[in-house]
Amino acid sequence: AAEPPAPPAARDARSVEARPQKSASWRAEKRIAEEQRIAAEKAAEDMRRKEEARIAEAGEAAPRAAPVTPPEGHRDQAAQEEDDDRFAHEPPFATSPPRKRPPRAEAPPVVTPPATPPEPEDDKPDDSRPFSHAKPLSPMPPDAHDKQQNYVKWFVRPRAPSKTQQPPPHREVRAHRTCLDHARMVSCVASLTKDRVVSGSFDRTLKIWNAEDGALLKTLSGHSRYVQCVAALGDDRVVSGSCDGTARVWDCDSGECVHVLRGHSALVTCMSVLSDERMLVTGSFDHTLEVWDTLSSKNVGTLLGHADRVWCCVALANDWVVSGSFDCTLRVWDVEQARCLSTLKGHRDRVWCVVALSRCRVASGSLDRTLRVWDCITGNCLGVLEGHSREVRCVVSLKDDVLASSGDDRSIKVWDLSDYKCRRTLNGHGHFVTGLAVLADGRLASASHDRTLKIWDALQGRRLATLAGHAHVVERVA
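Basis of the calculations
- Residues numbered from 1 in each chain as written.
- Predicted model: local features only at pLDDT ≥ 70, side-chain atom pairs only at ≥ 80, totals over all residues.
- Heavy atoms only, no water.
- Helix = DSSP H or I, 4+ residues; strand = E, 2+ residues; numbered from the N terminus.
- Buried < 20%, exposed > 50% of the residue type's maximum accessible area, 1.4 Å probe, protein only.
- Contact = heavy atoms within 4.5 Å.
- Areas by Shrake-Rupley, 256 points an atom, 1.4 Å probe, with all protein chains shown as cover.
- Lys, Arg positive; Asp, Glu negative; His and termini not counted.
- Salt bridge = Lys/Arg side-chain N within 4 Å of Asp/Glu carboxyl O.
- Polar contact = N/O pair within 3.5 Å; in protein donor to acceptor, adjacent residues only side chain to side chain.
- Phe/Tyr/Trp six-rings, centres within 6.5 Å; stacked < 30°, edge-to-face > 60°.
- Lys NZ or Arg CZ within 6 Å of the ring centre and 35° of its normal.
- Pairing = 2+ DSSP bridges.
- Axes fitted to C-alpha atoms, helices over the stretch in contact; angles between N-to-C directions.
- pLDDT = per-residue confidence, 0-100.
- Patch = residues over 30% accessible without salt bridge, like charges linked within 9 Å, V, L, I, M, F, W, Y side chains within 5 Å.
- Charge placed at Lys NZ, Arg CZ, Asp CG, Glu CD.
- Core = buried A, V, L, I, M, F, W, Y, C linked by side-chain atoms within 4.5 Å.

Asks: When you look at the overall build of the chain in this model, what are you seeing that I'm missing?
Replies: When you go through the chain residue by residue, the secondary structure sums to three helices and 31 strands. By residue count, 40% of the 478 residues in the chain fall in the buried class. Contacts in the chain between residues far apart in sequence, at least 24 positions, make up 42% of those at least 6 positions apart. Of the roughly 27400 Å² that the chain leaves accessible, carbon and sulfur atoms contribute 51%.

Asks: Would you mind showing me how to read the side chain of E290 here?
Replies: Position of E290 among the secondary structure elements: in strand β14 (residues 289–293). One buried charged residue, E290, forms no salt bridge at all, with the nearest opposite charge on K298 at 13 Å. For E290, the side chain forms a polar contact with the side chain of T302, separated by 2.7 Å. Ignoring sequence-local partners within four residues, the contact set of E290 consists of G263, H264, L280, V281, T282, N299, G301 and T302.

Asks: Explain the packing of aromatic side chains here, please?
Replies: Both the distance between ring centres and the angle between the ring planes are used here to describe each pair of aromatic rings. If you walk through the whole model with that rule in mind, you get six aromatic pairs. Grouping aromatic residues by their ring pairs yields a cluster made of F285, W311, F326 and W352. Seen from the ring of F285, R309 lies directly overhead, with NZ or CZ sitting 4.9 Å from the centre. Of note, R393 hangs over the ring of W352, and the distance from its end group to the ring centre comes to 4.8 Å.

Asks: Can you walk me through the pairing of strand β10 (residues 246–251) in this structure?
Replies: One face of the sheet, then the other: side chains in a regular strand alternate in exactly this way. Buried residues dominate β10, accounting for five of its six residues. With five bridges joining them, strand β9 (residues 237–242) and β10 adopt antiparallel strand pairing. Counterpart to V238 in the pairing with β10 is W250. Hairpin connection from β9 to β10: three residues lie between these consecutive antiparallel strands, with G245 at a positive phi of about 85°.

Asks: Explain the sheet that holds strand β16 (residues 310–315) to me, please; I cannot follow it from the model alone.
Replies: The strands that make up a sheet pair up through hydrogen bonds in the backbone, lying either parallel or antiparallel. A sheet is described by the order of its strands in space; here four strands give the open sequence β16-β17-β18-β19, paired in antiparallel fashion. Here the strands that pair on one side only, and so sit at the sheet edges, are β16 and β19 (339–345). The mean inter-strand angle of the sheet, taken between neighbouring strand axes irrespective of direction, is 20°. Looking at chain direction, β16 and strand β17 (residues 320–325) are connected through five bridges and run antiparallel. In the strand pairing of β17, A315 is matched with V321.

Asks: Looking at this model, I keep getting lost on the sheet that holds strand β7 (residues 216–221). Mind explaining?
Replies: As summarised here, the arrangement of the four strands in space is β4-β5-β6-β7, forming an open sheet in which the pairing is antiparallel. Since the sheet does not close on itself, it has two edges, and those belong to β4 (186–193) and β7, each with one partner. When the angles between neighbouring strand axes are averaged without regard to direction, this sheet yields 20°.

Asks: Looking at this model, I keep getting lost on unusual backbone geometry. Mind explaining?
Replies: Trans peptide bonds make up most of the peptide bonds, and negative phi angles are found at most residues other than glycine. Despite not being glycine, A338 has its phi angle at roughly 55°, a positive value. In this structure, A338 sits in the loop between β18 (329–334) and β19. Assessed through its relative accessible area of 31%, A338 is described here as partly exposed. With a phi close to 75°, R369 is a non-glycine residue in the positive phi region. Structurally, the position occupied by R369 is in the loop between β21 (361–366) and β22 (370–375). Among the residues examined, R369 registers a relative accessible area of 40% and is labelled partly exposed.

Asks: Sorry if this is basic, but what is going on with the pairing of strand β27 (residues 421–427) here?
Replies: Examined bridge by bridge, strand β26 (residues 411–416) and β27 share six bridges and lie antiparallel to one another. Within β27, the residue paired with V414 across the bridge is R424. Between β26 and β27, which pair antiparallel and follow one another directly, the connecting turn spans four residues, one of which, Y420, has a positive phi of 60°.

Asks: Where do I start with the pattern of salt bridges in this structure?
Replies: Pairs may arise between side chains of opposite charge once their charged atoms sit close together. Counting across every chain of the model gives 20 salt bridges. Of the charged contacts, one joins D401 and R359 as a salt bridge, the two residues approaching to 3.5 Å between their closest N and O atoms. Within this pair, whereas D401 is found in the loop between β24 (392–399) and β25 (402–407), its partner R359 is found in the loop between β20 (351–357) and β21, the two being separated by 42 residues in sequence. Judged by relative accessible area, which is 52%, R359 ranks as exposed. Among the charged side chains, a salt-bridge network with shared partners connects E45, R48, R49, E52 and E256.

Asks: Looking at this structure, how should I read the side chain of S242?
Replies: Relative to the assigned elements, S242 resides in strand β9. Of the residues examined, S242 reaches a relative accessible area of 0% and is grouped as buried. Excluding residues that lie within four positions of it along the chain, S242 makes contacts with H223, R225, Y226, V227, Q228, L267 and V268.

Asks: Where do I start with the confidence of the model for the chain in this structure?
Replies: Interpreting fine coordinate detail is not advised for predicted regions of low pLDDT. Per-residue confidence for the chain gives a mean pLDDT of 77, with 68% of residues at or over 70. Confidence drops under pLDDT 50 across residues 70–75; counting only partners more than four residues distant or on other chains, this segment forms zero contacts. The low-confidence segment residues 144–159 (pLDDT under 50) makes 44 contacts with residues lying over four places distant or belonging to another chain.

Asks: Teacher, can you tell me more about a negative patch on the surface here?
Replies: A surface patch of negative charge is lined by D235, D236, D276 and E277. Within the fold, D236 resides in the loop between β8 (227–233) and β9. Assessed through its relative accessible area of 41%, D236 is described here as partly exposed.

Asks: Can you walk me through the nonpolar core in this structure?
Replies: Most often, soluble globular proteins keep nonpolar side chains buried together rather than apart. Grouped together as the largest cluster of nonpolar side chains are 14 residues, with contacts concentrated most on L316, V322, L330, V354, V362 and C376. Taken together, the elements giving at least two residues each to this core come down to β16, β17, β18 and β20. Sequence-distant contacts of L330, defined by excluding residues within four places in its chain, comprise H306, V322, S323, G324, S342, T343, L344, H347, V351, V354, S364 and W374.

Have a look at this one:
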């Protein structure tokens with residue numbers, strides 16, 4: 001009789017015993033190969049830094065790195081980079097996968113309209129201006145002279161040109177300087193001084209540029225995932241937050257990482273520097289905010305209370321910090337005592353942006369399509385600003401009691417906080433408006449997914465210029 005088949009457990013045991021065992025020498029060879037690979041990568045990085053230092057000393061333009069095709073075996077890294085891009089564009093900027101757009105064509109020449117366009121024809125005389133004469137539209141029959149009004153049309157003289165100065169016409173401006181060195185999308189930007197700016201990118205680096213001539217001054221490498229936010233610590237230091245869960249403090253002159261701030265268990269989404277330019281507060285997807293001493297890299301406190309991811313934060317004049325979260329609330333924190341002073345409830349969806357105002361007030365924008373103004377001392381909502389037809393993504397303070405906000409409805413709205421009403425709506429962008437910044441002269445700059453930036457006189461409701469030239473969406477402006 002045939003021997004009955006062995007039970008599954010026995011078959012598994014025999015198969016395990018039959019497998020060849022890896023020898024100790026094989027493990028040693030693998031360890032040596034891994035050490036050699038790490039040493040080669042470190043040597044290549046040292047050589048690249050020496051070359052950048054040589055180029056900076058010689059005053060030459062830094063060459064752009066040639067695109068490298070990843071060899072087989074690096075598909076996991078490529079898939080991770082695709083996930084990073086998907087996080088930046090799909091949630092929550094779009095509800096469907098991003099469409100592939102054709103390359104941007106050369107912009108057509110801009111035709112400046114005349115300062116005083118001709119007046120349209122009018123069917124009736126205008127009491128405020130003298131009319132010229134009555135001209136028959138068609139030959140009148142002899143018996144129709146008593147019905148002359150049926151056969152004439154009044155032509156109004158053009159209005160005399162005003163003696164007041166006409167506003168400057170809208171113009172389209174091409175890039176004065178183009179900084180081309182990031183290998184992937186730029187996610188954040190900050191201004192250091194009048195002639196230096198720093199940018200963070202999905203290529204996991206930060207770069208410091210000369211704003212006058214567009215030259216690359218330093219490349220800051222160290223993050224293992226893409227850079228999400230960046231802020232200036234005075235004129236000689238910057239701090240960056242990354243998807244790797246860390247924040248790094250950098251020396252702008254040497255380009256070296258001074259401190260690595262480890263404490264978050266998820267990506268760092270926002271940061272705010274206090275008035276002494278030493279203390280730093282970072283927010284994260286781990287629902288917490290961490291307080292850091294950037295000189296000693298010491299974690300001096302953890303702010304607990306939010307029930308969902310923290311997305312935005314801002315520091316007030318008295319060094320309180322207000323944070324906005326996906327739990328639809330804002331919280332006011334006393335950083336020195338590391339405690340929550342009040343919880344601001346009222347939004348019905350995620351809080352996406354917050355800006356500090358005078359008299360210990362803040363304004364917040366939410367995906368519920370509204371903005372709210374809060375008194376941080378009492379915790380009361382002072383007013384609700386309703387008018388956006390889509391989600392609100394950005395809010396800035398133009399001057400005392402005047403706000404500007406933008407969002408997915410492609411418009412910018414100017415609000416008067418004396419009565420919480422919308423005074424002007426600025427239209428012109430063709431896609432989501434995701435960034436606003438107030439320039440030194442009081443003008444407003446806006447960034448959009450239509451690949452342009454626009455300059456506005458927001459108080460007068462005039463568009464002054466369009467800055468075109470980007471080949472991809474514009475996320476931030478500073």
